[in-house]
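Residues per chain, in single letters:
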2 protein chains.
Amino acid sequence: MRKRIAIDMDEVIADTLHHQIVRYNKEFGAALTLEQLVGKEMCDAVHADHRSLVASYPYQKGFFEDIPVVPHSQDVVLMLTEHYDVFVTTAAMEYPNSFMEKFEWLGRHFPFIPWSHIVFCGDKGIIAADYMIDDNAYHFEHFAGEGILFTAPHNVHEARYRRVDDWMQVRDLFLP
Amino acid sequence: MRKRIAIDMDEVIADTLHHQIVRYNKEFGAALTLEQLVGKEMCDAVHADHRSLVASYPYQKGFFEDIPVVPHSQDVVLMLTEHYDVFVTTAAMEYPNSFMEKFEWLGRHFPFIPWSHIVFCGDKGIIAADYMIDDNAYHFEHFAGEGILFTAPHNVHEARYRRVDDWMQVRDLFLP
């Protein structure tokens, strides 16, 4: 039987953080960089006065529409589907406005993932898979399979799980 | 550790079939009854000329907004949450127009289910739970826990799984 891989969206196949930084810099004439976010969440890296606005970005209509695709994720996920059952599992329930935007984004950028293999959830302990590729280590805590941490600035100090820095490393880990 | 129960929406806590029959009878001046649907899907019970329209109901905007609640489901699900981890797991991906309507319906009728415990999916083989209460036996085929079939007209001839006819029977099965 084929092994199953659950793949997160934001910070794994969708470059949501980049999208947020570009927007923040434009709105505030700021020069925030990825390097300044190492070891922290974006809300903790911006000026205290901007925190609540930045935290509200993902709740706004349209936010998830035009997020850039993480480099090489399309090619490698497509290759993975040849050897594994691949599901996209995203904690969309936190942002109900994102449902349709995320679904349409997947249809545009990952048309080879059928609707039957898309999951919108909250607590990812509900996911039955052999592997989960995610940037949030807390999702692995109640997950019965192996969590593979996809590097993002906020998680660089997390050392409990196997880590991949990019999609080339995912390919090397899962494909012959 | 508490056992986990995954509960379907349509035909289990949401009386979608009743809603469809009422709508069909109104639109066509028909007198379709639940009894006429025994052992079949609604599309197969209506006049051949109406099939494609009936099949399109769930794809229409607003369809999932005002579905009636299945009797006793609210009380019993609330009681279940005291003893089990309860997730609502619905194959919403087939009907993307339903996302927001289903989410808001749950907030209205099952406000004690947190967003972290709501799952929109397709193939329910992705669900990790001890029990799944569902009216569609095909969801149990790749499910690692025990499927509990919730009786609906279309599934009366299914004999492979433990069956409950209503929420009183769910209560008796799961609660002391």
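Analysis parameters
- Residues numbered from 1 in each chain as written.
- Chains lettered and ligands numbered in written order.
- Predicted model: local features only at pLDDT ≥ 70, side-chain atom pairs only at ≥ 80, totals over all residues.
- Heavy atoms only, no water.
- Helix = DSSP H or I, 4+ residues; strand = E, 2+ residues; numbered from the N terminus.
- Rg over C-alpha atoms; globule rule 2.2 N^0.38 Å.
- Buried < 20%, exposed > 50% of the residue type's maximum accessible area, 1.4 Å probe, protein only.
- Contact = heavy atoms within 4.5 Å.
- Areas by Shrake-Rupley, 256 points an atom, 1.4 Å probe, with all protein chains shown as cover.
- Axes fitted to C-alpha atoms, helices over the stretch in contact; angles between N-to-C directions.
- Left-handed = near helix turned anticlockwise from the far one by under 90°.
- Nonpolar A, V, L, I, M, F, W, Y, C, P; charged D, E, K, R; others polar.
- Phe/Tyr/Trp six-rings, centres within 6.5 Å; stacked < 30°, edge-to-face > 60°.
- Lys NZ or Arg CZ within 6 Å of the ring centre and 35° of its normal.
- Arc of directions from axis to C-beta.
- pLDDT = per-residue confidence, 0-100.
- Buried area = accessible area lost by both parts, 1.4 Å probe.
- Salt bridge = Lys/Arg side-chain N within 4 Å of Asp/Glu carboxyl O.
- Least-squares fit on C-alpha atoms with pLDDT ≥ 70 in both.

1. Considering the overall build of chain A
Item 1. What chain A contains, in helices and strands, is five helices and six strands.
Item 2. Secondary structure elements in chain A, listed N-terminal to C-terminal, are β-α-α-α-β-α-β-β-β-β-α.
Item 3. The C-alpha atoms of chain A give a radius of gyration of 16 Å, which matches the 16 Å a tight globule of 176 residues would have.
Item 4. The principal-axis extents of the C-alpha atoms in chain A amount to approximately 55 × 35 × 30 Å.
Item 5. In chain A, which comprises 176 residues, the share counted as buried stands at 51%.
Item 6. Within chain A, contacts between residues at least 6 apart in sequence are counted, and of these 63% link residues at least 24 apart.
Item 7. When the accessible area of chain A is evaluated, it comes to approximately 8,100 Å², of which 53% is carbon and sulfur surface.

2. Quick word on the packing of helix H4 (residues 98–109) of chain A against helix H4 (residues 98–109) of chain B
Each pair of packed helices gets described by two things: the angle between the helix axes and the distance between those axes.
Item 1. For the pair H4 of chain A and H4 of chain B, interaxial distance at closest approach is 8 Å and the crossing angle is 145°. Once H4 of chain A is placed against H4 of chain B, the crossing between them reads as right-handed. Each of Phe 99, Met 100 and Phe 103 of chain A in H4 of chain A lies in contact with H4 of chain B, whose residues at this interface are Phe 99, Met 100 and Phe 103 of chain B.
Item 2. Class assignment for the residues of the contact of H4 of chain A with H4 of chain B results in six nonpolar, no polar and no charged.

3. Digging into the packing of aromatic side chains
Item 1. Enumeration over the complete set of coordinates arrives at 29 aromatic pairs over all chains.
Item 2. Centre to centre, the rings of Tyr 24 of chain A and Phe 28 of chain A are 5.0 Å apart; their planes meet at 40°, and the pair counts as tilted. Linking Tyr 24 of chain A with Phe 28 of chain A, this pair stays in helix H1 (residues 16–28), spanning four residues, or about one helical turn.
Item 3. Using a relative accessible area of 32% as the deciding quantity, one classes Phe 28 of chain A as partly exposed.
Item 4. A ring pair is formed by Phe 150 of chain A and Trp 167 of chain A, whose centres lie 5.7 Å apart and whose planes are at 40°; its orientation type is tilted. Taken as a pair, Phe 150 of chain A in strand S5 (residues 146–150) and Trp 167 of chain A in helix H5 (residues 167–174) lie far apart in primary sequence, 17 residues in all.
Item 5. On the accessibility criterion, Trp 167 of chain A (1% relative accessible area) is buried.
Item 6. Members of the aromatic cluster, connected to one another through ring pairs, are Phe 99, Phe 103 and Phe 120 of chain A together with Phe 99, Phe 103 and Phe 120 of chain B.
Item 7. Here Arg 23 of chain A stacks its cationic end above the ring of Tyr 57 of chain A, 4.1 Å away from the centre of that ring.

4. Points about helix H3 (residues 73–81) of chain A
Item 1. All buried positions along H3 of chain A are accounted for by Ser 73, Val 76, Val 77 and Leu 80 of chain A. Each buried residue of H3 of chain A lies within a common arc of 100° when the element is viewed along its axis, so the set occupies one face.

5. Topic: the confidence of the model for chain A
Item 1. The predicted model of chain A averages 95 in pLDDT, with 100% of residues at 70 or higher.
Item 2. For this predicted complex, the interface score ipTM comes out at 0.94, while the overall pTM is 0.95.

6. Quick notes on the interface of chain A and chain B
Item 1. Taken together, the contact between chain A and chain B spans 22 residues of the former and 22 residues of the latter.
Item 2. It is Met 93, Trp 115 and Ile 126 of chain A that lose the most area in chain A upon contact with chain B, and together they represent 31% of the buried surface on that side.
Item 3. Applying the counting rule to chain A against chain B returns zero salt bridges.
Item 4. Within the residue set of the side of chain A that touches chain B, elements represented by two or more residues are H4 and strand S3 (118–120) of chain A.
Item 5. Residues of the side of chain A that touches chain B, tallied by class, amount to 14 nonpolar, five polar and three charged.

7. Quick look at the relation of the copies chain A and chain B
Item 1. Take chain A, turn it by 180°, move it 0.0 Å along the axis, and it overlays chain B with an RMSD of 0.0 Å. The operation mapping one copy onto its partner corresponds to a two-fold rotation axis.
Item 2. When the interface residues of chain A are mapped onto chain B, 100% of them again lie at the interface, so the same face is used by both copies.

8. Regarding the pattern of salt bridges
Side-chain pairing between opposite charges can occur once the charged atoms of the two side chains come close.
All names here are of chain B.
Item 1. Overall, the coordinates contain 18 salt bridges over all chains when judged by the stated rule.
Item 2. Arg 160 is the partner of Glu 141 in a salt bridge, and the nearest nitrogen-oxygen pair spans 3.4 Å. With Glu 141 in the loop between strand S4 (131–134) and strand S5 (146–150) and Arg 160 in the loop between S5 and strand S6 (162–164), the pair connects residues that are 19 residues apart, well separated along the chain.
Item 3. What makes Glu 141 partly exposed here is its relative accessible area of 44%.

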